[in-house]
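# Residue-level structure breakdown
One letter stands for each residue in the lines below.
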Amino acid sequence: MMKKKSISASKASLVFFLCQMISALDVPLDSKLLEELSQPPTITQQSPKDYIVDPRENIVIQCEAKGKPPPSFSWTRNGTHFDIDKDEQVTMKPNSGTLVINIMNGGKAEAYEGVYQCTARNERGAAISNNIVIRPSRSPLWTKEKLEPNQVREGDSLVLHCRPPVGLPPPIIFWMDNAFQRLPQSERVSQGLNGDLYFSNVQPEDTREDYICYARFNHTQTIQQKQPISVKVFSMDSLNDTIAANLSDTDIYGAKPVTERPPILLTPTGTTSNKVELRGNVLLLECIAAGLPTPVIRWIKEGGELPANRTFFENFKKTLKIIDVSEADSGNYKCIARNILGSTHHVISVTVKAAPYWITAPRNLVLSPGEDGTLICRANGNPKPSISWLANGVPIAIAPEDPSRKVDGDTIIFSAVQERSSAVYQCNASNEYGYLLANAFVNVLAEPPRILTPANKLYQVILDSPALIDCAYFGSPKPEIEWFKGVKGSILRGNEYVFHDNGTLEIPAAQKDSTGTYTCVARNELGKIQNEVQLEVKDPTMIIKQPEYKVIQRYGHVSFECIIKHDSTLIPTVIWLKDNDELPDDERFLVGKDNLTIMNVTDKDDGTYTCIVNTTLDSVSASAVLTVVAAPPTPAIIYARPNPPFDLELTGQLERSIELSWIPGDENNSPITSFVIEYEDGLHEPGVWHYQTEVPGSQTTVQLKLSPYVNYSFRVIAVNEIGRSQPSEPSEQYLTKSANPDENPSNVQGIGSEPDNLVITWESLKGFQSNGPGLQYKVSWRQKDVDDEWTSVVVANVSKYIVSGTPTFVPYEIKVQALNDLGYAPEPSEVIGHSGEDLPMVAPGNVQVHVINSTLAKVHWDPVPLKSVRGHLQGYKVYYWKVQSLSRRSKRHIEKKILTFRGNKTFGMLPGLEPYSSYKLNVRVVNGKGEGPASPDKVFKTPEGVPSSPSFLKITNPTLDSLTLEWGSPTHPNGVLISYILKFQPINNTHELGPLVEIRIPANESSLILKNLNYSTRYKFYFNAQTSVGSGSQITEEAVTIMDEAGIPRPAVGAGKGYSETLFATSPVMHTVRPTFYKVQPLYPRIRNVTTAAAETYANISWEYEGPDHANFYVEYGVAGSKEDWKKEIVNGSRSFFVLKGLTPGTAYKVRVGAEGLSGFRSSEDVFETGPAMASRQVDIATQGWFIGLMCAVALLILILLIVCFIRRNKGGKYPVKEKEDAHADPEIQPMKEDDGTFGEYRLFSFVSSAPF
């Protein structure tokens, strides 16, 4: 079964065929119309007649057609039907007639050589393609031949023959050497059209063994190479030497020297030859001559001139090239070869024949039933082509009879056609040099009238200019067109109208009374239709004050005016030109609304300045010349504010505009830069002046826009660089007429104050906006998507109206329209409001808590259905509170906290939780009215954390060798305590630290006696608690053992054994180290107290740093709970704060701070959450007992510290405070020297006290 093509009659294709149509019926290019018309097939794309294909690739034979209904396709091969279904290598593209022959999967191109023709057919006819001759490209190898070396005497001529293999298409020939470099060519050496290499005379430098001819076959993209040809040139000197060596002295020997020779032709041979070329092709004639010196070639045409603009000389004038030849180029062409010894010539008789070419190709014909028409097919050629006709691809002699058709040579005449007369006709013009085939259809259509011009189309023209009003139509038979003015007006006739064949009505000179509605009526025997369009006649644009000739001194200011008058409905644009070109790109040129000002004029500003005014309908212009002269010397200048303008005049009074003019006062040596116009409303606000507008200082008239129902007075103020003038005297008063309001109230809103009402509010109009007396408002409302009718009420000049008895929180459409005694303002726009809200009805469900760490948890919940919110969803509130501490098992006062999450968020982070505690929470939805019911309480627990520092550390009962330590458990254990860690070390008189001793103490202990200490020695103690998570912050103290009563001086530090070997022998939890002392070393760096202050998209990170100066910090952060890599930000300088930007709102982040160059050294992690969550408390913190107690404890602790500092200062004041602080530094951050009993280098550092406050 033959594959068929199914394509739609696309708009573009149908436009193409209608553009080609010449018929009794003209079809407009309307897309909707084109889609509905039936059409016989038309071939739109086909392969070339002579189609050479690459035998290695698939063969694609194109055949595309359009028509309505879409055509089907069939093929013939060598004149017989080609059944593609029987050849598995051949397929037809879907919705197309294009054939694809599969060569790459086993097919052979040679098997598909032949002549192919495509037929596209539908119910209205059949179109056929050209005969497409398929031939595979051939690139045969060079035949093997034995090439003898060429031995040539210097000065002789030589021809190197290429003789390339015969390919399809013929190859491109070029000569190269072994290095693939093209051989140089000149007047002496050149390649002929046949590919041979010609030497007019050889020279010794022509000797070489690698003259290689190459043939390039473009279709197969292959290059074939001939065997290299060897040429050896013998010079006369070398030849004479050879002869002399082989002859005796008595022999007469000697070769003749190189002799000059007159020209002879190497190609063509003889004195005459013939050449036939086809019209339109390129004519190439060649003459190559031998001789010494090298001959020069010249071309002439006997009895005529070589054609100008089409004649070219190539190959050093050895080739004459004439493009696009015609019969007039036939004749005798003579080439003349000449050198100093003579000349020779050859005459080529050129005959130009012609394949058929079109004089009149047949065009598609669209007719109405009963109409007449003709198809004309006229072609020419040499010899004269014969014309034959086919109908639907069949010779017309054997085609089905059609009584309306008569063939008369190159013309088919149609008379009184009917719809069955539709067909596609083919005209074939052929001679011995080729053929032409053209398809042209006859399409008989019966269609009622249609008007294609859009209804109510608006035409705008300028007064006294032509108006062309379209009435594009279609119908078959062709409709008659009539025009009427107005819906019920009489038919238009007379000399004042011109009626065009395409339906257009022309009014040669439109007047104001031409404005109105015009009706076009189209009728034929199948129906009638009419259409209305609108015409508006606009006032012309005029320049009522043109720019004037100016003479200005150098460095002065000049202004050209261009005041225009135009139709109020057109928007003009003003363009200024200098010498018919754009203005210079210079800030000295200031373009105002009605003028052009040039500041600081220079000589180059001389010229003609043109003002061009354009609207969408017309354009006008005016010009003036500027002359720049030298400025005279100027005396001392006194500058002052300008004098007030005077002689104010009102002209051109209209309802909504007026023209104000004035005379400027003295500018007092400072040019006036602008004028300020103010107005007074004597009707609504007498005595109050308002700003109206401001114009450039070069302008003394202005068109002012006015509002109705205002009693205007105007005054003008001049402005220069010194200041503002006094106001001018007021102008006369002008009372504008009342009118309907131009605008409606703004900021219309509908918000309910109660669940059963709707409060409609708006911003009232100002006094002069009322446009007349009796200002009121028409308030209208209806329930959205429920009510069809509006409910309206007219209220006085107020700004609020309450609608009662509404459903709870439903949307309403609202509009507020202004009106006064003269009528209503334009129809207002609608806004959406809502009736009052009520408290939500449902609590969030499925509340889940995920504990992230000991101080942070994440809560999830399901959203509440919007219907049960009963208002604008504000967000959700999470109430949470600590029930008890798991370590103390003691309840305390419940203090609830609240986190608010804006919008329809269904999760949130709970920061700032206390470790090892039990919490409860619930979630409530919030709308504009308030909170809904709470969800059931959800219980969750936080894991253990590190404890706070012990509540206190006291050292009492000092003796010669012992001290008693007492401490209090941490205020916030944050878990189960497992032990205490005590570290201590001695401090000598030079403020050096001794070895550090560490003791682990059970968690149930609260005191300890340290024995076997050195007498009269100061010790520093560091004390902290531990849970299973880790160690908490430490507390420090210092104490001194008492001096021996006998006054025995203590041993020098490091001189004796120090602590005895039995030190603390009674305590199994203690161990000792040798008490060698060291100089105070730099603090081991640490970063602590990392804090965050987060907003929606950024967070401020701050920290405290102890360690060497000039540390380079960085901040690492990431999403809490994520396994993604940390992101790193470098801190600029040594600041102790950084702002993280670009964060995601409502997201928990982890953060830590590190220092560059200290491997692995970072702070502990901190977790924070970005907004919109905002924590708030239900109660005032200042009234809470725990807060008051905490403040009291802090005050007491500060007092104790002050007392301790005072005592120590009095006891050990022999070393400076700075050195004391250095000596008391934290031992954990002191890198120690080797234990060799020597002192390290002493360096000063500044420390921060670690005592808690």
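Please refer to the structure placed before this passage.
Structure report, in brief. Each chain carries its own residue numbering, running from 1 in the direction its sequence is written. Side-chain atom pairs in this predicted model are given and counted only at pLDDT of 80 or more, local residue features only at pLDDT of at least 70, and totals for whole chains, interfaces and linings cover all residues. To get the side-chain values, all heavy atoms of the structure are used, and hydrogens and water are removed first.

### Thoughts on the overall build of the chain
Labels follow the DSSP assignment, with helices taken as runs of H or I lasting at least four residues and strands as runs of E lasting at least two, numbered in each case from the N terminus. Within the chain, the regular secondary structure consists of six helices and 93 strands. Residue exposure (1.4 Å probe, protein chains only): buried if accessible area is under 20% of the type maximum, exposed if over 50%, otherwise partly exposed. When each of the 1253 residues of the chain is scored for burial, the buried share is 43%. Counting contacts in the chain only where the partners sit at least 6 residues apart, residues at least 24 apart contribute 66% of the total. Per-residue accessibility takes into account occlusion by the displayed protein chains alone, with areas from the Shrake-Rupley method and a 1.4 Å probe. As displayed, the chain has an accessible area near 64,600 Å², and 51% of this comes from carbon and sulfur atoms. Pairs of residues are marked as contacts when any of their non-hydrogen atoms sit within 4.5 Å.

### A look at the sheet that holds strand S7 (residues 90-92)
Only strands joined by at least two bridges in the DSSP assignment are considered to pair. Pairing within the open sheet is antiparallel, and its three strands lie in the order S3-S8-S7. Sheet topology places strand S3 (59-61) and S7 at the edges, where each strand pairs with a single neighbour. If you compare each strand with its neighbour and ignore which way they point, the axes differ by 20° on average. Of the strand pairs in this sheet, S3 and strand S8 (residues 99-101) are connected by three bridges, and their pairing is antiparallel. Residue Ile59 lies in a different strand from S8, and its bridge partner there is Ile101. All axes here are fitted lines through C-alpha atoms, helices being fitted over the stretch that makes contact, and every angle between N-to-C directions spans 0 to 180 degrees.

### Digging into the packing of aromatic side chains
Centres within 6.5 Å are what make two rings of Phe, Tyr or Trp a pair, Trp counting through its six-membered ring; a difference in plane orientation under 30 degrees is then read as stacked, over 60 as edge-to-face, and the rest as tilted. Throughout the structure, instances matching the rule amount to 24 aromatic pairs. Ring plane angle 65° and centroid distance 5.5 Å describe the contact between Phe414 and Tyr425, whose orientation is recorded as edge-to-face. Residue Phe414 is located in strand S35 (residues 411-414), and its partner Tyr425 is located in strand S36 (residues 423-431); the two are separated by eleven residues in the primary sequence. Take Phe414 and Tyr425: they sit in the same class, and that class is buried. Centre to centre, the rings of Tyr1117 and Tyr1149 are 6.4 Å apart; their planes meet at 55°, and the pair counts as tilted. Taken as a pair, Tyr1117 in strand S88 (residues 1113-1119) and Tyr1149 in strand S91 (residues 1148-1155) lie far apart in primary sequence, 32 residues in all.

### What about the side chain of Thr964?
Relative to the assigned elements, Thr964 resides in strand S80 (residues 963-970). Note on Thr964: relative accessible area 12%, which makes it buried. Apart from the residues within four sequence positions on either side, Thr964 is in contact with Lys954, Ile955, Thr956, Asn957, Leu1008 and Ile1009.

### A closer look at the state of the cysteines
Cysteine sulfurs are considered disulfide-paired once they come within 2.5 Å of each other. Evaluated as defined, the whole model comprises six disulfides. What pairs with Cys162 in a disulfide is Cys213, and their sulfur atoms sit 1.9 Å apart. Between Cys162 and Cys213, the disulfide has an S-S torsion of -70° and is therefore left-handed. Of this pair, Cys162 sits in the loop between strand S13 (158-160) and strand S14 (172-176) while Cys213 sits in strand S17 (residues 208-217), placing them 51 residues apart in sequence. Assessed through its relative accessible area of 0%, Cys213 is described here as buried. Here Cys377 connects covalently by a disulfide to Cys427, the sulfurs 1.6 Å from one another. On the S-S bond that ties Cys377 to Cys427, the torsion sits near -65°, and the link is left-handed. Placement of Cys377 in the loop between strand S30 (373-376) and strand S31 (378-382) and of Cys427 in strand S36 is noted, with a sequence separation of 50 residues between them.

### Comments concerning the pairing of strand S5 (residues 72-77)
Here S5 pairs with strand S9 (residues 114-122) via six bridges, running antiparallel. Residue pairing in the sheet places Ser74 in a bridge with Thr119 of S9. Pairing geometry for S5 and strand S6 (residues 80-81), over two bridges, is antiparallel. Each bridged residue has a counterpart across the sheet, and for Thr76 the counterpart in S6 is His81. Linkage of S5 to S6, two consecutive antiparallel strands, is achieved through a turn of two residues, within which Asn78 is found at a positive phi near 55°.

### Re the nonpolar core
What we call a nonpolar core is a set of buried Ala, Val, Leu, Ile, Met, Phe, Trp, Tyr and Cys residues that are connected through their side-chain atoms within 4.5 Å. Residues Ile59, Ile61, Trp75, Leu99, Ile101, Tyr116 and Ile134 are the most contacted members of the largest nonpolar core, which totals 32 residues. When residues of this core are traced back to their parent elements, those giving at least two are strand S2 (50-53), S3, strand S4 (63-68), S5, S7, S8, S9 and strand S11 (132-136). The element that contributes the greatest number of residues to this core is S9, accounting for three residues. Apart from residues lying up to four places away in sequence, Ile61 is in contact with Ser47, Tyr51, Trp75, Gly97, Thr98, Leu99, Ile101, Tyr116, Ile132 and Ile134. Leu963, Ile999, Leu1010 and Phe1021 belong to the second largest nonpolar core, which has 20 residues in total.

### Some points on the sheet that holds strand S46 (residues 527-538)
Here we have four strands laid out as an open sheet, ordered S39-S46-S45-S42, and mixed in their pairing. The open sheet is flanked by strand S39 (457-462) and strand S42 (480-485), the only strands paired with a single partner. The mean inter-strand angle of the sheet, taken between neighbouring strand axes irrespective of direction, is 30°. Of the pairings in the sheet, the one linking S42 to strand S45 (residues 516-524) comprises six bridges and is antiparallel in character. If you follow Glu482 over to S45, its bridge partner there is Val521.

### Some details on the environment of Ala630
Along the chain, the position of Ala630 falls in the loop between strand S56 (619-629) and strand S57 (646-651). Among residues more than four places away in sequence, those in contact with Ala630 are Gln553 and Arg554.

### Structural notes on the pattern of salt bridges
Salt bridges are defined as contacts in which a side-chain nitrogen from Lys or Arg sits within 4 Å of a carboxyl oxygen from Asp or Glu. For the structure on display, the rule yields 35 salt bridges. When the shortest N-O distance is used, the salt bridge between Glu561 and Lys545 registers 2.8 Å. Of this pair, Glu561 sits in strand S49 (residues 558-561) while Lys545 sits in strand S47 (residues 542-545), and the two are 16 residues apart along the sequence. By relative accessible area, which is 16% here, Glu561 ends up buried. Arg588 serves as the salt-bridge partner of Asp586, at 2.9 Å between the closest nitrogen and oxygen.

### Here we look at unusual backbone geometry
Peptide bonds are mostly trans, and most non-glycine residues show a negative phi. A cis amide bond links Thr267 with the next residue in sequence, Pro268, at an omega value of -10°. Along the chain, Pro268 turns up in the loop between strand S20 (261-267) and strand S21 (272-278). The peptide bond linking Leu292 to Pro293 adopts the cis configuration, its omega dihedral lying at 0°. Residue Lys317 is not a glycine yet carries a positive backbone phi of 65°. Its place among the elements puts Lys317 in the loop between strand S25 (311-314) and strand S26 (319-322).

### With respect to the environment of Pro228
Within the fold, Pro228 resides in the loop between strand S18 (222-225) and strand S19 (229-234). Overall, the relative accessible area of 39% leaves Pro228 in the partly exposed class. For the pair Pro228 and Asp210, spaced 18 residues apart in sequence, the C-alpha separation works out to 5.0 Å. When sequence neighbours within four positions are dropped, the list of residues in contact with Pro228 reads Leu147, Glu209, Asp210, Tyr211 and Ile212.

### A short note on the environment of Ile413
Tracing the backbone shows Ile413 in strand S35. Overall, the relative accessible area of 32% leaves Ile413 in the partly exposed class. The contact partners of Ile413, leaving out residues within four places of it in the chain, are Gly373, Thr374, Ser404, Arg405 and Lys406.

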